[in-house]
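# Secondary and tertiary structure notes
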Amino acid sequence: MISFVGAGPGDVDLITVKGRKLMEEADIVIYAGSLVSKEHMDVCKEGTEIFNSASMTLEDVIEVMERGEKENKKVVRLHTGDPTIYGAIREQMDILDEKNIKFQVIPGVSSFTAAASAIKRELTLPEVTQTIMLTRIEGRTPVPEGEKLSKLASHKTSMAIFLSVQDIDRVVEELIEGYGSEDTPVAVVYKATWEDQKIIIGTLKDIAEKVKAEGVNKTAQILVGNFIEGAYERSKLYDPSFTHEYREGK
Ligand code: SAH
C-alpha cells in the first residue's frame, strides 16, 4: 500500500494523527525535501528507507514505490501542506492505477490556512467575502487565460497566492488592476509555522517594496483581500436573535 500523506506547512506537529501513524509504521518514505522538514523522519522506526524526492524524477519515485509494493512494504509519499494542492500527485496516482498498485491519500494542513492562522485572521467574513481563491501567477507552468490574476482579483474575494512571491511586482500589478485599489490589504507569510516564519503586512501599494527589503523570494503565501483589515458584520450563527437547528433565537 502506498500512502500519499500531507505533512502540513512546516511545524511537524501539524501533520494529522493518521499521517503520523503511517510515518511511524513506514518501511519506505519518499519526502519532498525542498519543503518538508527532515524532522518528520524522527518518528520513523529503525531501518526505514528514506528518499528525498528533490533530486528524483517521477520515474525514479515510481520505481521506489513499485519495489516497495513487490516487497510488501508500507510506503509513505510525504508531500508538503495538503497533497491535493500543487502536489503533482495526479501523475503518480495515474501510473499506480495503471500498474494496479493500491494507494490512499491522507489530507494535510495547507500553507494557505496556516498563513491565515499566522496572521490571526478569518478568510471568510460576512458582508466582506464568502469565497477564497487559491491560485498562482504564471511561471514555467502556464495558467489558463481565464484564470489571469487580474481577472480573478476583480471578484474582490479573499485570495491565497502560491508559488508567486519571486514575481511580487507582476503579482501586485495584476492585483491592483483587478481589485481596483492600491489600498487593498496584503499579508505575505514566509515559511508559515516554521521557526524562521516571517510576516509582512502592507497594502498593494507598498508590499512589493517591503517583501524585497526582507529578502523574501520563495516559500511564501501572498494573502490578499479585505478580510485582513476593515469592517465586517458579525455572524448570524451566533446572533442572539437568530433561530437555527440547535438554538432558539430570542
Ligand atoms: N501542497 C502545498 C503547496 C505546495 S506548492 C500546500 O498545501 O501548502 C509550494 C508553495 O506553497 C510555495 O511556493 C509557497 O507559496 C507555499 N508554501 C508552502 N509551504 C509554505 C509555508 N510554510 N509558508 C508559506 N507558504 C508556503
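Use the structure listed above.
Let me sum up the structure you'll find in this document.

Cut-off values and rules
Residues numbered from 1 in each chain as written. Predicted model: local features only at pLDDT ≥ 70, side-chain atom pairs only at ≥ 80, totals over all residues. Heavy atoms only, no water. Phe/Tyr/Trp six-rings, centres within 6.5 Å; stacked < 30°, edge-to-face > 60°. Helix = DSSP H or I, 4+ residues; strand = E, 2+ residues; numbered from the N terminus. Buried < 20%, exposed > 50% of the residue type's maximum accessible area, 1.4 Å probe, protein only. Pairing = 2+ DSSP bridges. Axes fitted to C-alpha atoms, helices over the stretch in contact; angles between N-to-C directions. Contact = heavy atoms within 4.5 Å.

Moving on: the packing of aromatic side chains. The description of an aromatic ring pair rests on the distance of the ring centres and on the angle between the ring planes. Across all of its chains, the model carries three aromatic pairs by this definition. Geometrically, the ring pair formed by Phe4 and Phe103 is edge-to-face, given 6.0 Å between the ring centres and 90° between the ring planes. Separated by 99 residues along the polypeptide, Phe4 in strand S1 (residues 2-6) and Phe103 in strand S5 (residues 103-106) bring together distant segments of the chain. Accessibility expressed as a relative area gives 0% for Phe4, which makes it buried. Looking at Phe103, the relative accessible area reads 24%, which means it is partly exposed.

The next subject is the pairing of strand S4 (residues 75-79). Every regular strand shows the same layout, with side chains that alternate between the two sheet faces. Of all five residues in S4, five are buried, a share of seventy percent or more. Here S4 shows no split at all, with Val75, Arg77 and His79 on one side and Val76 and Leu78 on the other all buried. In this sheet, S4 lies alongside S1 in parallel orientation, the contact comprising five bridges. Bridge pairing in S4 places Val5 opposite Leu78. With four bridges connecting them, strand S2 (residues 28-31) and S4 associate as parallel partners. The residue bridging Ile28 from the neighbouring strand is Val75, located in S4.

It is worth spelling out the sheet that holds S1 at this point. Sheet strands pair by backbone hydrogen bonding; their relative direction is either parallel or antiparallel. Spatially, five strands are ordered S3-S2-S4-S1-S5 in an open sheet, and the strand pairing comes out parallel. With partners counted over all chains shown, the strands left at the sheet margins are strand S3 (49-52) and S5, one partner each. Ignoring strand direction, the axes of neighbouring strands in this sheet form an average angle of 15°. Along the sheet face, helix H2 (residues 58-70) touches S1, S2, S3 and S4 and points at about 165° away from the line of S2.

Just geometry here; none of it tells us what the structure is for.
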